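Now for the letters of each chain:
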Amino acid sequence: MNYDNLTNEQKEEISNKINNDVQSVGGVNFYLALIESLRETKPNALLNKTAKFHYPKGTIDWSKSIYKETLTALFNAMKKEERDGDMLDGLKPRDYKSTMNMMKVLKPIIITINPKDEECEGFSFPILDTSEAKKTKVSLAFKILFFYNIEFAKKALNFKDV
């Protein structure tokens, strides 16, 4: 998703969401440090068998371990969703099955960000957004933290409605 191509309403919605998350982890620098820590980690932080990732300012927890095949299917589905608007439309039967299996595995998982600072409450979000029936999407918070370029988050944080 290209931030510059979004409408002002979409930019404002994304900006509000990110700013809420930023405040709950202690500020812009803490939030950006979290994203940078996730980007630097090889292999992907979500592949930790303990379902926990430690970054300098806190921890990230999720309910069960995620395997490489599932994560690869998720990233492929996200790319398709970004390109076509839906992660399931037009898939070949084999790809459809792997995408559906990935969705079944990831649907119940909630990711929780726990800052070390006791005054900050942190935040939680699901990997998959199932708020619309038959329209499962990858949640915006997940995309911003694990998928989009850090510049996307910076632009959203600096958004001012003109």
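Criteria and cut-off values
- Residues numbered from 1 in each chain as written.
- Predicted model: local features only at pLDDT ≥ 70, side-chain atom pairs only at ≥ 80, totals over all residues.
- Heavy atoms only, no water.
- Helix = DSSP H or I, 4+ residues; strand = E, 2+ residues; numbered from the N terminus.
- Rg over C-alpha atoms; globule rule 2.2 N^0.38 Å.
- Buried < 20%, exposed > 50% of the residue type's maximum accessible area, 1.4 Å probe, protein only.
- Areas by Shrake-Rupley, 256 points an atom, 1.4 Å probe, with all protein chains shown as cover.
- Pairing = 2+ DSSP bridges.
- Axes fitted to C-alpha atoms, helices over the stretch in contact; angles between N-to-C directions.
- Contact = heavy atoms within 4.5 Å.

Asker: Please explain the overall build of the protein as it appears in this structure.
Answerer: Scanning the protein from N- to C-terminus turns up six helices and six strands. Listed N to C, the secondary structure of the protein is α-α-β-β-α-α-β-β-β-β-α-α in terms of helices and strands. For the protein, whose C-alpha radius of gyration is 16 Å, the value lies close to the compact-globule estimate of 15 Å for 162 residues. With the C-alpha coordinates aligned to their principal axes, the bounding extent of the protein is approximately 45 × 45 × 25 Å. Split into buried and exposed, the 162 residues of the protein put 43% on the buried side. As displayed, the protein offers around 9500 Å² of accessible surface, 49% of which is attributable to carbon and sulfur atoms.

Asker: Whenever I open this one, the sheet that holds strand β1 (residues 52-55) confuses me. Can you help?
Answerer: With respect to topology, four strands assemble into an open sheet ordered β1-β2-β3-β4, the strand pairing being antiparallel. The open sheet has two free edges, formed respectively by β1 and β4 (123-126), since each of these has just one partner strand. The sheet shows a mean angle of 15 degrees between the axes of neighbouring strands, direction not considered. In the sheet, strand β2 (residues 58-62) pairs with strand β3 (residues 110-115) via five bridges, with the strands oriented antiparallel.

Asker: Just checking my understanding: could you explain the side chain of Ser 24 for this structure?
Answerer: Summarising the element assignment, Ser 24 is placed in helix α1 (residues 8-25). Not counting chain neighbours up to four residues away, the residues in contact with Ser 24 comprise Pro 115, Cys 120, Glu 121, Gly 122 and Phe 123.

Asker: How should unusual backbone geometry be read in this particular structure?
Answerer: For residues that are not glycine, phi is negative in most cases, and the peptide bond is trans in most cases. Between Lys 42 and Pro 43 the backbone carries a cis peptide bond, its omega angle lying at -10 degrees. Among the secondary structure elements, Pro 43 is positioned in the loop between α2 (28-40) and β1. At Ala 51, a residue that is not glycine, the phi angle is positive and equals roughly 60 degrees. Take Ala 51: it is sitting in the loop between α2 and β1.

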